[in-house]
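Geometric and topological summary
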Amino acid sequence: MNSTDKPAVQDFTFFIMAPDLTPEKLSTVVDFCLSEQLITAGAEPVRLSEQCCKLQLKIDTGNLANVTLQFKQLAQQLQLDLVLLSATEYKQTRKLAVFDMDSTLIKVEVIDELAKRAGVGEQVIAITAAAMRGELDFNQSFEQRLGLLKGLSDNVLADIAAQLPMMEGMQRLIEQLQTLGYKTAILSGGFNYFADYLKAKYKFDYAYSNQLEVLDGKVTGRVVGAIVNGERKVQLLKQIALEEGIDLQQTIAVGDGANDLPMLAAAGLGVAFHAKPLVKEQARHSVSTLGLDGLLYLLAEQA
């Protein structure tokens with residue numbers, strides 16, 4: 001056999017995460033790894049906390065796609081998160097983290113909250129859900145939803161902003177990243193009033209979102225400038241990285257919707273967070289059972 005014919009076996013760090021990471025669930029995952037010859041007999045997971053363990057795996061890269069698919073199925077079956085990082089991904093120094101806002105940094109879709117105040121909540125919520133599942137074109141669905149808000153008083157903006165429910169672990173994650181020297185950014189298909197509110201409150205370095213047009217104290221049903229869609233998020237990710245002198249491989253992107261998939265693919269580490277099924281299926285990595293601060297386990301400097 002020529003050297004080129006030998007299977008390429010690579011090292012991976014494998015994270016097993018769940019709020020209730022029971023011995024039974026852990027044993028099931030370890031047994032699977034043994035059955036697939038990803039670990040040797042006697043290999044023990046390293047417990048990082050009650051919610052997270054990690055294992056060192058060796059995987060034939062020719063079998064990586066199949067193993068990854070099986071991990072996704074096992075994660076769904078056991079209701080836990082299984083994140084597989086290559087040695088390169090895990091050891092990479094990160095310097096920039098960018099986040100979607102709606103249903104990622106916060107628990108709601110702001111456009112849905114605005115729609116409730118405008119009396120068109122059910123109609124807009126249905127369109128939002130379909131768009132985030134990837135069933136509708138983002139720009140068209142956004143313009144359709146926005147048009148339904150025409151005439152809404154801008155008095156509601158401050159009230160909604162003050163009541164936004166933050167995602168569990170969000171503040172801890174952002175503070176830890178900032179302590180580690182990360183630049184942080186919000187890249188949102190939502191609205192500037194709310195993204196700027198979060199930027200100021202939690203000291204994000206950047207916030208890019210749609211500028212909601214307001215005239216004479218009323219929402220016009222339009223935005224000023226180009227819509228921040230999936231392609232625009234990638235452009236902004238690259239723009240910030242360039243401005244900061246950060247290589248794209250040193251970036252992290254986190255989001256939940258179909259319009260986040262391009263930036264998750266473009267970043268050095270893309271994580272689908274509490275994401276829609278399509279997004280979890282297509283993203284390289286996903287976290288669905290822990291809060292945002294669960295992402296800290298994936299960073300080598302936190303180990």
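Residue numbering note: each chain is counted from 1, following its sequence as written. A pLDDT threshold of at least 70 governs which residues receive local features in this predicted model, and a stricter bar of 80 or more applies before side-chain atom pairs are shown or counted, although totals over entire chains, interfaces and linings include all residues. Working from all heavy atoms in the structure, the side-chain values ignore hydrogens and water.

1. So, the packing of helix H1 (residues 23–35) against helix H2 (residues 64–78)
- The interhelical angle for the contact between H1 and H2, taken along N-to-C directions, is 160 degrees, at an axis separation of 11 Å. For the element pair H1 / H2, the angle class is roughly antiparallel. Regarding H1 and H2, the two cross each other, and that crossing is right-handed. Contacts from Lys-25, Thr-28, Val-29, Phe-32 and Cys-33 of H1 reach H2 at Gln-70, Phe-71, Leu-74 and Leu-78.
- Polarity classes work like this: nonpolar for Ala, Val, Leu, Ile, Met, Phe, Trp, Tyr, Cys and Pro, charged for Asp, Glu, Lys and Arg, and polar for all others, with Gly in that last group. Class assignment of the residues belonging to the contact of H1 with H2 gives a composition of six nonpolar, two polar and one charged. Here an angle of 0 to 180 degrees is reported between the N-to-C directions of two axes, which are lines fitted to C-alpha atoms, with helices fitted over the stretch in contact. Put simply, DSSP marks the helices as runs of H or I at least four residues long and the strands as runs of E at least two long, and each gets a number from the N terminus on. Oblique is the label for every angle not falling under 35 degrees (roughly parallel), over 145 degrees (roughly antiparallel), or within 65 to 115 degrees (roughly perpendicular). It is the rotation of the near helix from the far one that decides the hand of a crossing: anticlockwise by less than a right angle makes it left-handed, clockwise makes it right-handed. Whether two residues are in contact is decided by their heavy atoms: any pair within 4.5 Å suffices.

2. Observations concerning the sheet that holds strand E2 (residues 46–49)
- Pairing is antiparallel in the open sheet, where four strands are placed in the order E2-E3-E1-E4. This sheet does not close on itself; its edge strands, each paired only once, are E2 and strand E4 (81–86). Going across the sheet, the axis of each strand differs from the next one's by a mean of 30 degrees, ignoring polarity.
- Here, a strand pair is defined by DSSP locating no fewer than two bridges between the strands. Pairing of strand E1 (residues 9–17) with E4 involves six bridges; the strand directions are antiparallel. If you follow Thr-13 over to E4, its bridge partner there is Leu-85.

3. Focus on the side chain of Thr-184
- Turning to its location among the elements, Thr-184 is positioned in strand E6 (residues 183–191).
- Excluding residues within four positions of it along the chain, Thr-184 makes contact with Leu-96, Ala-97, Leu-177, Gln-178, Lys-203, Phe-204, Asp-205 and Tyr-206.

4. Quick word on the environment of Met-170
- Along the chain, Met-170 falls in helix H8 (residues 170–179).
- Between the C-alpha atoms of Met-170 and Thr-220, which are 50 residues apart in sequence, the distance is 32 Å.
- For Met-170, the residues in contact, after removing those within four places along its chain, are Leu-105, Tyr-202 and Leu-292.

5. A few points about the sheet that holds strand E10 (residues 269–273)
- Strand order in this open sheet of seven strands is E8-E7-E6-E5-E9-E10-E11, and the pairing throughout is mixed. Of all the strands in the sheet, just strand E8 (218–224) and strand E11 (285–287) have a single pairing partner and so form its edges. The mean inter-strand angle of the sheet, taken between neighbouring strand axes irrespective of direction, is 25 degrees.
- Bridge analysis of strand E7 (residues 206–215) against E8 gives four bridges, and the strand direction is antiparallel. Within E8, the position partnered with Val-214 by the bridge is Val-219.

6. Remarks on the nonpolar core
- In terms of nonpolar packing, the biggest core is built from 60 residues, with Phe-99, Leu-114, Phe-191, Phe-194 and Leu-292 touching the most fellow members.
- Discounting chain neighbours no more than four positions away, the residues touching Leu-114 are Leu-149, Leu-152, Val-156, Leu-157, Ile-160, Phe-191 and Phe-194.
- Counting 24 residues, the second-largest nonpolar core is a separate cluster that includes Val-29, Cys-33, Leu-80 and Leu-82. Think of a nonpolar core as a cluster: buried Ala, Val, Leu, Ile, Met, Phe, Trp, Tyr and Cys residues, connected wherever their side-chain atoms sit within 4.5 Å. We call a residue buried when its accessible area falls under 20% of the maximum for its residue type, exposed when it is over 50%, and partly exposed in between, using a 1.4 Å probe and counting protein chains only.

7. Some details on the pattern of salt bridges
- We count a salt bridge whenever a side-chain nitrogen from Lys or Arg sits within 4 Å of a carboxyl oxygen from Asp or Glu. Applying the stated criterion across every chain yields a total of 12 salt bridges.
- Put simply, Lys-107 and Glu-168 hold a salt bridge, and the shortest N to O gap is 2.8 Å. Linking Lys-107 in the loop between strand E5 (96–99) and helix H4 (110–118) with Glu-168 in the loop between helix H7 (155–162) and H8, this pair joins segments that are 61 residues apart in sequence.
- Lys-107 sits in the partly exposed class, given a relative accessible area of 42%.
- Note that Glu-213 is salt-bridged to Arg-222, the shortest N-O span being 2.7 Å.
- When its relative accessible area of 19% is taken as the criterion, Glu-213 is described as buried.
- You can call Arg-222 partly exposed: its relative accessible area is 45%.
- Taken together, the shared-partner salt bridges in this structure form one network comprising Asp-100, Lys-233 and Asp-260.

8. Digging into unusual backbone geometry
- In this structure, Gln-37 takes a positive phi of about 60 degrees despite not being glycine.
- Secondary-structure assignment places Gln-37 in the loop between H1 and E2.
- The backbone phi angle of Asp-216 is positive, close to 55 degrees, even though this residue is not glycine.
- Tracing the backbone through its elements, the reader meets Asp-216 in the loop between E7 and E8.
- For Asp-216, a relative accessible area of 81% gives the class exposed.

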